[in-house]
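Take a look at the letters that make up each chain.
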Amino acid sequence: MQIRKQNSIRLKPGVSRTAHLFAASFFWTVAGSILMIRGWFWIGSGKARWLVLLALAAGSVKSRFVLDKTAGKILRRISGMEDGTCIGAVFSWKTWLLVGLMMAAGISLRIFFHPGMVIGTLYMAIGWALFLSSRNAWLMWFRRVHHNN
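An account of the accompanying structure is given in this report.

### A look at the overall build of the protein chain
Check the secondary structure of the protein chain and you find 4 helices and 4 strands. The long-range share in the protein chain, meaning contacts at least 24 apart out of those at least 6 apart in sequence, stands at 80%. For the protein chain, the accessible area works out to roughly 9,700 Å², and carbon and sulfur atoms hold 70% of it.

Dropping the structure here:
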């Protein structure tokens, strides 16, 4: 963390690119895990559990064809940063806006519809896609940590 003094003290939570890679990996993994846990409980027990397989298949497709590309852009962006860049820059402002919109959409779904099998399957699919695509950032972080040692 850097502190600069000019006219006033400014606190800048700057971190290394390695820390940005860890933050991106961690964020995607945690967000995906939370969504999958919620989805698991909303799908329910019994015969409806086959929906988990459907969600995992859909999430795998979304991961491969959508989120892997997004992860690649984020990782290239982080690789181009200088060490000392603010931790909040781990994602672009557009990505942070998208995160906020997705959270608002999830809250709206839960407010207007009873979370059940359909929303559970959707959450499980999106969560699995995030979780699976986090592998790209974890791999880059792992390589960077072991290359620098």
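Still to come is the rest of the account.
### Details of a nonpolar patch on the surface
Together, W93, L97, L98, L101 and M102 give the surface a local cluster of nonpolar side chains, amounting to about 580 Å² of exposed area. Relative to the elements of secondary structure, L101 occurs in helix α3 (residues 93-112).

### Some thoughts on the packing of helix α1 (residues 17-43) against helix α4 (residues 117-147)
Each pair of packed helices can be described by the angle between their axes along with the distance between the axes. Viewed as axis vectors pointing N to C, α1 and α4 meet at an angle of 160°, and their least axial separation amounts to 7 Å. Classified by the interaxial angle, the pair formed by α1 and α4 is roughly antiparallel. When the axes of α1 and α4 are compared, the crossing they make is left-handed. When the residues that make up the contact of α1 with α4 are grouped by side-chain class, the tally is 23 nonpolar, 11 polar and 3 charged.

### What about the side chain of S133?
By the element assignment, S133 lies in helix α4. On the accessibility criterion, S133 (1% relative accessible area) is buried. Excluding residues that lie within four positions of it along the chain, S133 makes contacts with W28, S63, L67, D68 and A71.

### Section: the packing of aromatic side chains
The geometry of an aromatic ring pair is captured by two quantities: the separation of the ring centres and the angle between the planes. Tallying each qualifying case throughout the model produces 9 aromatic pairs. Measuring from centroid to centroid gives 4.9 Å for W42 and Y123, while their planes differ by 70°, and the two rings are edge-to-face. Remark: Y123 occurs in helix α4 and W42 occurs in helix α1; sequence separation between them is 81 residues. Of the residues examined, Y123 reaches a relative accessible area of 6% and is grouped as buried. Consider the rings of W128 and F131, whose centres lie 6.0 Å apart with planes at 25°: the pair is stacked. Within this pair, W128 and its partner F131 are both found in helix α4, separated by 3 residues, close to a single helical turn. Accessibility expressed as a relative area gives 23% for W128, which makes it partly exposed.

### A closer look at α1
Here α1 spans 39 Å end to end across 27 residues, near enough to the 39 Å set by a 1.5 Å rise per residue. Residues T18, H20, L21, A24, S25, W28, T29, G32, L35, M36, G39 and I43 constitute the buried set of α1. On its buried face, α1 sits against β3 (14-15), α2 (50-79), β4 (85-86) and α4. Positive phi shows up at G44, right after α1, with a value of about 90°.

### Digging into the nonpolar core
If you look at the biggest cluster of nonpolar residues, it comprises 18 residues, and the most contacted ones within it are W28, I78 and F91. Counting residues per element, the ones that place at least two in this core are α1, α2 and α4. Those residues in contact with I78 that lie beyond four places of it in its chain are R17, H20, L21, A24 and V90. M36, I43, A48 and V52 belong to the second largest nonpolar core, which has 8 residues in total.

So, how was this worked out
Residues numbered from 1 in each chain as written. Predicted model: local features only at pLDDT ≥ 70, side-chain atom pairs only at ≥ 80, totals over all residues. Heavy atoms only, no water. Helix = DSSP H or I, 4+ residues; strand = E, 2+ residues; numbered from the N terminus. Contact = heavy atoms within 4.5 Å. Areas by Shrake-Rupley, 256 points an atom, 1.4 Å probe, with all protein chains shown as cover. Patch = residues over 30% accessible without salt bridge, like charges linked within 9 Å, V, L, I, M, F, W, Y side chains within 5 Å. Salt bridge = Lys/Arg side-chain N within 4 Å of Asp/Glu carboxyl O. Axes fitted to C-alpha atoms, helices over the stretch in contact; angles between N-to-C directions. Parallel < 35°, antiparallel > 145°, perpendicular 65-115°, else oblique. Left-handed = near helix turned anticlockwise from the far one by under 90°. Nonpolar A, V, L, I, M, F, W, Y, C, P; charged D, E, K, R; others polar. Buried < 20%, exposed > 50% of the residue type's maximum accessible area, 1.4 Å probe, protein only. Phe/Tyr/Trp six-rings, centres within 6.5 Å; stacked < 30°, edge-to-face > 60°. Expected span 1.5 Å × (residues − 1). Core = buried A, V, L, I, M, F, W, Y, C linked by side-chain atoms within 4.5 Å.

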